[in-house]
Amino acid sequence: MSLSIFLEEGDEVILTDPTYLGYSEVIKFYNAKAIYITQDPDTGYQPNLEELKEKITKRTKLIIINSPENPTGRIIKEDIAKAIVEIAKDKKIFVVVDEAYKHIVYEGKNTYISKYGKDVVISVCSFSKEASIPGFRLGYVCANKEIVSVIEKVKQFITLCSNMPAQLILLNYLASEAKDRYLNEYVIPTYKKRRDFMAKMLKQYLPEAKFKIPEGAFYIFADFSPYIKNKNVEELADDILNKVNVVVIPGSYFGKSGSNYFRLTFVSENENRIEEGLKRLAKYFNLI
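Values in this document were obtained by computation on a predicted structure and should not be read as measured data. (Residues numbered from 1 in each chain as written. Predicted model: local features only at pLDDT ≥ 70, side-chain atom pairs only at ≥ 80, totals over all residues. Heavy atoms only, no water.)

(A) Spotlight on the pattern of salt bridges. One pass over the structure, following the stated rule, counts 17 salt bridges. Glu69 is the salt-bridge partner of Arg74, the closest N and O atoms lying 3.2 Å from each other. No difference in accessibility class separates Arg74 from Glu69, as the two residues are buried. Across the pair Glu185 and Arg181 runs a salt bridge, and its minimum N-O distance is 3.8 Å. With Glu185 and Arg181 both in helix 6 (residues 178-205), this residue pair falls 4 residues apart, about one helical turn. Each of the salt bridges in this network shares a partner with another, and the network as a whole consists of Glu107, Lys192, Arg195 and Asp196. (Salt bridge = Lys/Arg side-chain N within 4 Å of Asp/Glu carboxyl O. Buried < 20%, exposed > 50% of the residue type's maximum accessible area, 1.4 Å probe, protein only. Helix = DSSP H or I, 4+ residues; strand = E, 2+ residues; numbered from the N terminus.)

In structure tokens:
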């Protein structure tokens, strides 16, 4: 809905590479064009600011940033976030920030980009991750009053009203101590333990796979280049599923830079199943 109020045919939206696969499809739906800027693993997947400046044109309407990011788990640095907002102000464009994972942070804290420019930043948020209720499809947008007013009109034509039982449940979730207790006593400790265990098992069973420990979200984005050897990663993912019954998400879905990567998730599996899955991957690549 946020994109719908800005985009017309021929407009451009700047995305990072890699980034969440859903953005480009929505951009295509509005007959607009996705323009990509690189994120280098060696810089912790921080967006390239010089490339951002170079790729903004008269047709650019939006910059989309995901933090913590799916698939890399990267949290955008404060100085990078501030610089992006300054560039947006200078070029008179908007920054859409996907903050679905804003409370799923393991070290440090999330960077809230809106504090650098609430008039040009649109924060798109979701209860799917923080409250573990993805089936309710309930989210919210934080932006200036004019933008929220227009989005509200669009919303009325799409679904009229969001799921009422879900709204009542989340109202109680926010008004009580449930949110902080759930996140701090269960979600973060559980996910962090699984993240660290998956990293340990990757090093044990697939030692040549390269990856950064994610700061947030619940994925490890791993470079399998030594094992893939220029094979088609999408076909390989299908073959892995068929032969060893393990699901991996092809990194190419998230951008060209992910052509030799797999996204692995640790969120919903216990340690035994995480180890079993990685042992089967190692078996597939003839490592054990």
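Having put the structure on the table, let's press on.
(B) Looking closely at helix 8 (residues 233-244). A rise of 1.5 Å per residue sets the reference length of helix 8, with its 12 residues, at 16 Å; its end C-alpha atoms lie 16 Å apart and thus fit the reference within 8%. Buried residues belonging to helix 8 abut helix 7 (225-228), strand 9 (249-250), strand 10 (261-265) and helix 9 (271-284). By the N-cap criterion, in which a side-chain oxygen at the helix start approaches the backbone nitrogen of a residue two or three places on, helix 8 is capped by Asn232, the distance to Glu234 being 2.9 Å. (Expected span 1.5 Å × (residues − 1). Contact = heavy atoms within 4.5 Å. Polar contact = N/O pair within 3.5 Å; in protein donor to acceptor, adjacent residues only side chain to side chain.)

(C) Highlighting the sheet that holds strand 2 (residues 33-40). Read from one edge of the open sheet, 7 strands run 3-2-1-4-5-6-7, paired in mixed fashion. Both edges of this open sheet fall to strand 3 (46-47) and strand 7 (139-142), since each of them pairs with a single strand only. (Pairing = 2+ DSSP bridges.)

(D) Fine view of the packing of helix 6 against helix 9. At their nearest, the axes of helix 6 and helix 9 sit 10 Å apart, and the two run at 25 degrees to each other. By the angle between their axes, helix 6 is roughly parallel relative to helix 9. As for how helix 6 packs across helix 9, the hand of that crossing is right-handed. Only Glu271, Ile274, Glu275, Leu278, Lys279 and Ala282 of helix 9 make contact with helix 6, whose side of the interface consists of Lys193, Arg194, Phe197, Met198, Met201, Leu202 and Tyr205. Along the lines of polarity and charge, the residues of the contact of helix 6 with helix 9 split into 8 nonpolar, no polar and 5 charged. (Axes fitted to C-alpha atoms, helices over the stretch in contact; angles between N-to-C directions. Parallel < 35°, antiparallel > 145°, perpendicular 65-115°, else oblique. Left-handed = near helix turned anticlockwise from the far one by under 90°. Nonpolar A, V, L, I, M, F, W, Y, C, P; charged D, E, K, R; others polar.)

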